[in-house]
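# Observations on the model geometry
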Amino acid sequence: MELAILGSTPTSCSLISRASSTPTSSLISRAAATCSPPPLSCCSRGTTRSRTTPLSARSPDPLILRVVCATSQASPVSLASSSSIPTEMKAWVYHEYGGVDVLQLDPQVVVPQVNDDQVLVKVVAAALNPVDFKRRLGKFKATDSPLPTVPGYDVAGVVVKVGSQVKEFKVGDEVYGDINENALQGPKQFGSLAEYTAVEEKLLALKPNNLDFVQAAGLPLAIETAYQGLEKAGFSPGKSLLVLGGAGGVGSLVVQLAKQVFGASKIAATSSTRKLEFLKSLGVDLPIDYTKVKYEYLPEKFDVVYDAVGEGDRAVKAVKEGGSVVVLTGAVSPPGFRFVVTSNGDLLKKLNPFLESGKVKPIVDPYAPYPFDQVVQAFSYLESNRATGKVVIHPIP
């Protein structure tokens with residue numbers, strides 16, 4: 001039996017993998033037998049090499065600009081049935097914290113086991129987030145899962161196996177989600193930058209019908225962060241909002257959710273000069289060029305400031321008395337507060353109608369998607385802070 005999958009680019013390669021006849025001795029293979037998977041990653045420049053055997057593939061060619069239409073139609077590819085799931089897979093791995101050079105492309109990583117409350121997802125697309133490279137740098141190693149790590153939080157793919165207690169999903173369902181319930185507390189050892197990943201049922205939702213896998217993969221962590229931050233700030237209809245970093249992966253969704261879901265009366269947002277028109281297209285009423293205007297000195301103040309770039313000391317000067325400042329990174333000063341997103345499939349289900357109606361749109365960076373063998377280049381680009389929307393990896397073998 002074959003299951004039809006949709007991808008954002010045509011591909012004819014078979015996704016049926018063959019299990020190695022030689023037992024693997026890699027650390028990650030042994031880890032899979034004893035613990036449940038966690039994720040994350042990062043990059044700028046590095047090598048793609050196997051931990052046990054050098055890969056024959058040469059380094060990826062220099063990145064060529066790839067502009068992707070956010071409404072492009074997906075193309076069908078084939079996927080093996082659950083009876084053909086291999087024992088090993090290709091995955092990006094790191095065995096120590098550090099720069100992007102710690103990333104390795106390993107062709108013999110064990111396919112993760114599925115717990116009773118989990119499903120096994122054949123990954124079609126995965127997205128990168130700042131938490132990925134911060135994790136790889138060891139920013140929260142005290143609460144991280146044990147090394148080695150297969151990075152990646154966001155996933156979009158097809159269910160190929162279900163645990164005994166799974167009620168909502170079946171083999172063949174197209175799903176998306178953030179695979180780590182708690183972003184910083186013991187994230188999975190086996191993340192989404194792999195051919196397969198195991199995920200709790202409660203963290204997933206059915207992929208919106210109108211989105212392809214590339215678009216869906218870029219949503220989970222960012223849209224959950226955007227929504228939960230606005231909710232925790234007490235944002236409600238009629239309030240005004242300033243978004244710092246309005247063109248980024250989280251910021252672009254904060255703008256859209258504030259307008260379409262929360263009923264904002266006025267939205268201002270900062271960006272570089274070249275992204276001001278993009279902000280207007282999202283529905284921003286007052287685009288602010290941060291290279292020319294110091295927003296904290298504007299006479300107008302806002303009910304809520306959502307700081308997605310780490311300018312907390314300035315952000316608190318732009319909020320009304322009694323207002324709130326959401327801070328995702330950097331220093332926090334009152335009335336600012338920081339929070340850590342919690343992955344929640346029910347929230348994705350709640351927001352699916354806004355996505356399917358087109359009121360809220362996924363924003364994929366024009367350089368994306370990056371193919372699986374260019375994860376290092378993709379991380380380098382993400383860390384340059386130049387991305388517009390989300391950096392997505394696709395196709396995945």
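Residues numbered from 1 in each chain as written. Predicted model: local features only at pLDDT ≥ 70, side-chain atom pairs only at ≥ 80, totals over all residues. Heavy atoms only, no water.

Attention shifts here to helix α5 (residues 251–260). Of all ten residues in α5, eight are buried; the element is thus mostly enclosed. All buried positions along α5 are accounted for by Gly-251, Ser-252, Leu-253, Val-254, Val-255, Gln-256, Leu-257 and Ala-258. Taken together, the buried residues of α5 touch α4 (220–232), β10 (240–244), β11 (266–271), α6 (276–282), β13 (302–307) and α8 (345–356). (Buried < 20%, exposed > 50% of the residue type's maximum accessible area, 1.4 Å probe, protein only. Helix = DSSP H or I, 4+ residues; strand = E, 2+ residues; numbered from the N terminus. Contact = heavy atoms within 4.5 Å.)

This structure, assessed with the given rule, holds six aromatic pairs. Taking the centre distance of 6.5 Å and the plane angle of 50° together, the rings of Tyr-94 and Tyr-97 count as tilted. Ring centres 6.2 Å apart and planes at 65° place the aromatic pair Phe-235 and Phe-262 in the edge-to-face group. Note that Phe-235 is positioned in the loop between α4 and β10 and Phe-262 in the loop between α5 and β11, a separation of 27 residues in sequence. For Phe-235, a relative accessible area of 6% puts it in the buried group. Residue Phe-262 is classed as buried on the basis of its relative accessible area of 10%. These aromatic residues form a ring-pair network of at least three members: Tyr-227, Phe-235 and Phe-262. Lying across the ring of Tyr-196, Lys-122 places its NZ or CZ 5.6 Å from the centre. Across the ring face of Phe-213, the terminal group of Lys-207 is positioned such that the distance to the ring centre comes to 5.0 Å. (Phe/Tyr/Trp six-rings, centres within 6.5 Å; stacked < 30°, edge-to-face > 60°. Lys NZ or Arg CZ within 6 Å of the ring centre and 35° of its normal.)

Next up on the list: the sheet that holds β10. In space, the six strands of this open sheet follow the order β12-β11-β10-β13-β14-β15, with parallel pairing throughout. Both edges of this open sheet fall to β12 (286–289) and β15 (336–338), since each of them pairs with a single strand only. The sheet shows a mean angle of 20° between the axes of neighbouring strands, direction not considered. Alignment of β11 against β12, held across four bridges, turns out to be parallel. Note that in β12 the partner of Ala-269 across the bridge is Pro-287. Most of the contacts of α4 go to β13, to which it runs at about 145°, and overall it touches β10, β13, β14 (319–327) and β15. In the packing of α5 onto the sheet, the strands contacted are β10, β11 and β13, and the crossing angle to β10 comes to about 170°. (Pairing = 2+ DSSP bridges. Axes fitted to C-alpha atoms, helices over the stretch in contact; angles between N-to-C directions.)

This part covers α4. Its 13 residues place the ends of α4 18 Å apart at the C-alpha level, agreeing with the 18 Å of an ideal helix rising 1.5 Å per residue. The element α4 is extensively covered by neighbouring structure, given that eleven of its 13 residues are classed as buried. Every buried residue belonging to α4 is among Pro-220, Leu-221, Ala-222, Ile-223, Glu-224, Thr-225, Ala-226, Tyr-227, Gln-228, Gly-229 and Leu-230, and all of these are buried. Note on α4: the residue one or two positions beyond its end, Gly-234, has a positive phi of about 75°. (Expected span 1.5 Å × (residues − 1).)

In this section: the packing of α4 against α5. At a minimum axis distance of 9 Å, the contact between α4 and α5 shows a crossing angle of 50°. Looking at the two axes, α4 sits oblique to α5. When the axes of α4 and α5 are compared, the crossing they make is right-handed. Mapping the contact onto sequence places Ala-222, Ile-223, Ala-226, Tyr-227 and Leu-230 in α4 and Leu-253, Val-254, Leu-257 and Ala-258 in α5. (Parallel < 35°, antiparallel > 145°, perpendicular 65-115°, else oblique. Left-handed = near helix turned anticlockwise from the far one by under 90°.)

Right, let's get into the confidence of the model for the protein. Averaged over the protein, the pLDDT score is 84; the fraction of residues at 70 or greater is 79%. In this model, residues 1–78 is a region of pLDDT below 50 whose contacts with residues beyond four sequence positions or in other chains number 222 contacts. (pLDDT = per-residue confidence, 0-100.)

The next thing to look at is the pairing of strand β4 (residues 104–110). For β4, the tally of buried residues reaches five of seven residues, placing the bulk of the element in the interior. Bridge analysis of strand β3 (residues 88–93) against β4 gives five bridges, and the strand direction is antiparallel. When the sheet's bridge partners are listed, Glu-88 is paired in β4 with Val-110.

Quick look at the pairing of strand β7 (residues 174–178) now. Summarising burial for β7: four of the five residues are buried, a large majority. The pairing of strand β6 (residues 154–162) with β7 spans five bridges and is classified as antiparallel. Paired with Ala-156 across the strands is Tyr-176, a residue of β7. With three bridges connecting them, β7 and strand β9 (residues 204–206) associate as antiparallel partners. Paired with Val-175 across the strands is Leu-206, a residue of β9.

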